[in-house]
Amino acid sequence: MGEVCEFRSWDELIPDALGVIFTNLSLQERVTVIPRVCKSWARAVSGPYCWQEIDIEEWSNHCQPDKLDQMLHMLINKSCGSLRKLCVSGLQSESIFTFIAENAGSLRSLRLPRSNMSDLVVEQIAGKFSMITFLDVSYCIKIGASAIEMIGMNCKMLEGLCRNMHPLDTADKPLQDDEAYAIAATMPKLKHLEMAYQRISTLGVVRIFSSCPKLEFLDLRGCWSVNLDNNVSAKQGFPKLRVLGPYVLGAYEIDDWDDDYSDVSDDFAWNFEDGNDYYVDYDSDGYEGRIEDELEFGFYEGIEDAAMYWPPSP
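Residues numbered from 1 in each chain as written. Predicted model: local features only at pLDDT ≥ 70, side-chain atom pairs only at ≥ 80, totals over all residues. Heavy atoms only, no water.

*Asks:* Please give an account of unusual backbone geometry that cites residues and values.
*Replies:* Backbone torsion omega between Gly-245 and Pro-246 reads 10 degrees, so that peptide bond is classified as cis. With respect to the secondary-structure elements, Pro-246 resides in the loop between β8 (242-244) and α13 (275-278). Positive phi, normally seen in glycine, also occurs at Arg-114, with a value near 60 degrees. Positionally, Arg-114 belongs in the loop between β3 (109-111) and α7 (119-125). Given a relative accessible area of 43%, Arg-114 falls into the partly exposed group. For Tyr-139, which is not glycine, the phi dihedral falls at a positive 60 degrees. (Helix = DSSP H or I, 4+ residues; strand = E, 2+ residues; numbered from the N terminus. Buried < 20%, exposed > 50% of the residue type's maximum accessible area, 1.4 Å probe, protein only.)

*Asks:* Describe the sheet that holds strand β4 (residues 134-136), listing the residues and the values that go with them.
*Replies:* Across a sheet, paired strands are connected by hydrogen bonds in the backbone, their directions being either parallel or antiparallel. Read across the open sheet, the 8 strands follow the order β1-β2-β3-β4-β5-β6-β7-β8; overall the sheet is parallel. With one partner strand each, in any of the chains shown, β1 (53-55) and β8 form the two edges of the open sheet. On average, each strand axis in the sheet is inclined to that of its neighbour by 5 degrees, with strand direction left out of account. Pairing of strand β5 (residues 160-162) with strand β6 (residues 192-194) involves 3 bridges; the strand directions are parallel. If you follow Cys-162 over to β6, its bridge partner there is Glu-194. (Pairing = 2+ DSSP bridges. Axes fitted to C-alpha atoms, helices over the stretch in contact; angles between N-to-C directions.)

*Asks:* An account of the pattern of salt bridges is requested, with residue identities and associated values reported.
*Replies:* By the definition in use, this model includes 5 salt bridges. The shortest N-O distance in the salt bridge between Lys-191 and Glu-159 comes to 4.0 Å. Separated by 32 residues along the polypeptide, Lys-191 in the loop between α10 (178-186) and β6 and Glu-159 in the loop between α8 (145-154) and β5 bring together distant segments of the chain. For Lys-191, a relative accessible area of 26% translates into the label partly exposed. The closest approach of N and O atoms between Arg-221 and Asp-219, which form a salt bridge, is 2.5 Å. By the burial criterion, Arg-221 is buried, and Asp-219 matches it. (Salt bridge = Lys/Arg side-chain N within 4 Å of Asp/Glu carboxyl O.)

Now the structure itself:
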């Protein structure tokens, strides 16, 4: 009697199971390698399980807008409406924002830093993001309080918001609490809020405190006009709140934010945490699957299930 093999061939796994396994690979491997292994793997990687989370944020920083739009169209179409997380930087065209919104039915986490959206664009698409729980619109200099208010009015489940600014974009601006007031008026469920280098006052921050009772983490690095040391009522109402800033070392070393922290006075009893490590509920996957900066991509005709291809680095 022959021995029974304890192992099954990979190509015998059902496509959905293979798709779940392939999510552990980088995006580059899923697009360029897996489809060429065999037909069963090509079918599996073409399914939506592999494309529920798309993170091309770092790669998109060095990409031409038209190529970036083509990449997003390809990847989001592969998700077949099951997209849960999208991280991409520097989007420019109104059409690509509309396309993302039209495919946002299952979207929970959305990072769009350095994008060229306007208040009008946000007004047009915000209603499509009702399921969003985490949103990053940092360094989006063309949106303001009206866009933030529109986001809050439509994204009722929002628990995390990143609205950091580059210090050079805000250095000469007067104090303006309108975005803080918009957050306070429309985002009562916030647990995590980043407003680094915003030109806000203590009054604006206190307004957020009074309206966001679930707040657990607040990034105020570079908000030089905010002074919470003696705000007893705020401390008592948020005994577990972690506050980062407002003071930092090397205010204009924007690339060193992960390391540049400095304590405020000893009387300030709140805890201070690294914002990147503390907030894990909404974007805990880090940067797995990011495409190396030096890699390029091109479009090739007739490549089944892999419209995009990155040639090897020289």
